[in-house]
Amino acid sequence: MGPTPTITIHVPGPLRTYCGGAAQLSISAQTVRDALEDLQRSQAALYRNVCDETGKVRRHLNVFVNSDNVRDLNGVDTLLTAGDVVTILPAVSGG
Amino acid sequence: MDAAERERYSRQIRFSGIGEPGQEILLRARVVIVGCGALGSFHGAALARAGVGSITLIDRDYVEPSNLQRQWLFEESDAADGLPKAVAAERCLARINSSVRAHGVVADLTSSNVEELLGQSHLILDGTDNFETRYLINDFAVCRGIPWIYGAAVGSYGLAMPVLPGHTACLRCVYPDPPEGAQPTCETAGVLNVITSLVASYQVADALKILCGRQDLVQPRITTVDIWQGGTRQIDAPPRDPDCPACGRRQFPYLEESLRAPVRLCGRNAVQVQERVLVLDLAELKTRLEPIGEVRANEFALRFIVAPYEMTVFPDGRAIIKGTSDTGVARSLYARYFG
């Protein structure tokens, strides 16, 4: 297995308050699951807003790798390659 | 189309995507805008100026000074008069384009009135500020095959997604359930007027394509925009989910709820209550409540203040209770003062 790829997590506006205002986070992860586990350690507040107590991605959120929903790939086991952009997309209510 | 209409809409007609055939369709189109806040008031103005023949605006709230920063249809006098948004919006659209049939409906969209209010529409625009109503719109639109366009914004961020029932993913394919717990709202996180206008523009652009028969140009995408930090991103919406409760299994629980439970208005320390449909005589109620607290009433709404609570009640019996986020307290206040 090669070096762990470095990927970018894109954090939309409504979730930035949980990660010190960062719009992007750069982390190393082989899979989406690894990326979420990294968040659990490094950005606990953000993680709690993305995953529930059982570790599942909350149902009002979608996680995309580049422009593909992980639901249509391999879920949290989707493999990541260097340069991938993981986007967390919450439903938003304001109007 | 007569000569005056041809002149009025000339710049739109010259745009090859619409042309005279497209304008003819728009003049006969019926659109319902659910929610007349920042998104909805932009939709209303844009559609009236574009010559959409019939525009219904549904809103349960009244104009407040804090709305004026981003809700283009309202003015200081509307807030001072405590006008319902639907009434103020109807009046404003009539001034923008007197040939459009603008119809304001002061109501909360519920399973009991959704057929009456949305059933005749060619298209529904989402201008709501809450998930309960969006899931109701989705159930109804998918059930009846009416296109609708989701849009939402908070802070400097917003997103839009068209739903073409039977063709693209519906709201429940993408977000199976509404969020639980508090979400950032325009009250808690603030909102810029440029992001709501931008999201509303994406929605209206798709609406015009659909109404003009160019559904093929509508991209099944989720468009996200951060107008302050970051930019525009377009992500392909997932394909329709065969197991989607709404468009896959055709189960529509949001259409089946009989009367709505009290709804906490997120971030506002307020609860909306409608125990049942009533027909209230506001003048009579004003007389009854005056000995107890401060009362202001017009023909559309009555505001009643007993510190620390402020209650606004509408003629259909719906009330917004400010000063509590506890639905039990709100129900109790409702029962105590309005029966």
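Check the entry above for the structure.
In what follows, the accompanying structure is described. (Residues numbered from 1 in each chain as written. Chains lettered and ligands numbered in written order. Predicted model: local features only at pLDDT ≥ 70, side-chain atom pairs only at ≥ 80, totals over all residues. Heavy atoms only, no water.)

Residue and element names in this part refer to chain B. Among the five residues that make up strand β1 (residues 30–34), four are buried, leaving the element largely enclosed by the rest of the structure. Taken together, the five bridges between β1 and strand β2 (residues 54–59) define a ladder with parallel strand orientation. Residue V32 lies in a different strand from β2, and its bridge partner there is T56. With helix α4 (residues 38–50) bridging β1 and the parallel β2, this β-α-β connection has right-handed handedness. With four bridges joining them, β1 and strand β4 (residues 123–126) adopt parallel strand pairing. Paired with V32 across the two strands is I124, which belongs to β4. (Buried < 20%, exposed > 50% of the residue type's maximum accessible area, 1.4 Å probe, protein only. Helix = DSSP H or I, 4+ residues; strand = E, 2+ residues; numbered from the N terminus. Pairing = 2+ DSSP bridges. Right-handed = clockwise from strand over helix to strand, strands pointing away.)

As a further point, take the nonpolar core. All names here are of chain B. Of all hydrophobic cores here, the largest spans 44 residues; its most connected members are L109, L118, Y150 and Y175. Only β1, α7 (114–118), α8 (131–144), β5 (148–154), β6 (157–163) and α9 (171–174) provide two or more residues apiece to this core. Looking at this core element by element, the count peaks at seven residues for α8. Filtering out sequence-adjacent residues up to four positions away, L118 remains in contact with V32, V34, I58, L109, I124, F140 and I146. I18, I33, A50 and L164 belong to the second largest nonpolar core, which has 38 residues in total. (Core = buried A, V, L, I, M, F, W, Y, C linked by side-chain atoms within 4.5 Å. Contact = heavy atoms within 4.5 Å.)

As a further point, take the sheet that holds strand β8 (residues 232–236) of chain B. Pairing between sheet strands relies on hydrogen bonds along the backbone, with the strands arranged either parallel or antiparallel. Residue and element names in this part refer to chain B. What the eight strands build is an open sheet, ordered β3-β2-β1-β4-β5-β6-β7-β8; its pairing is mixed. This sheet does not close on itself; its edge strands, each paired only once, are β3 (101–106) and β8. Along the sheet, successive strands turn relative to each other by an average axial angle of 15 degrees, direction set aside. In this structure, β6 lies alongside strand β7 (residues 221–226), joined through four bridges in antiparallel fashion. (Axes fitted to C-alpha atoms, helices over the stretch in contact; angles between N-to-C directions.)

Quick look at the environment of B:L285 now. Residue and element names in this part refer to chain B. Tracing the backbone through its elements, the reader meets L285 in helix α13 (residues 282–289). Assessed through its relative accessible area of 1%, L285 is described here as buried. When the C-alpha atoms of L285 and F338 are compared, they prove to be 8.1 Å apart, with 53 residues separating the residues in sequence.

Each partner contributes residues to the interface: chain A has 25 residues there, and chain B has 35 residues. Taken together, the two surfaces of chain A and chain B that pack against each other cover about 2,400 Å², and 54% of this comes from carbon and sulfur. When the area that chain A buries against chain B is broken down by residue, the three leading residues are A:V92, A:S93 and A:G95, summing to 26%. Taken together, the connections running from chain A to chain B amount to two salt bridges. Of the charged contacts in the structure, one is a salt bridge between A:R59 and B:D177, with a shortest N-O distance of 2.4 Å. Our enumeration of links across chain A and chain B arrives at 14 residue pairs in polar contact (both at pLDDT 80 or more). Put simply, the parts of the chain that give the side of chain A that touches chain B at least two residues each are α1 (13–16), β3 (61–65) and β5 (85–90) of chain A. Top element by residues in the side of chain A that touches chain B is β5(A). It accounts for four residues. (Buried area = accessible area lost by both parts, 1.4 Å probe. Salt bridge = Lys/Arg side-chain N within 4 Å of Asp/Glu carboxyl O. Polar contact = N/O pair within 3.5 Å; in protein donor to acceptor, adjacent residues only side chain to side chain.)

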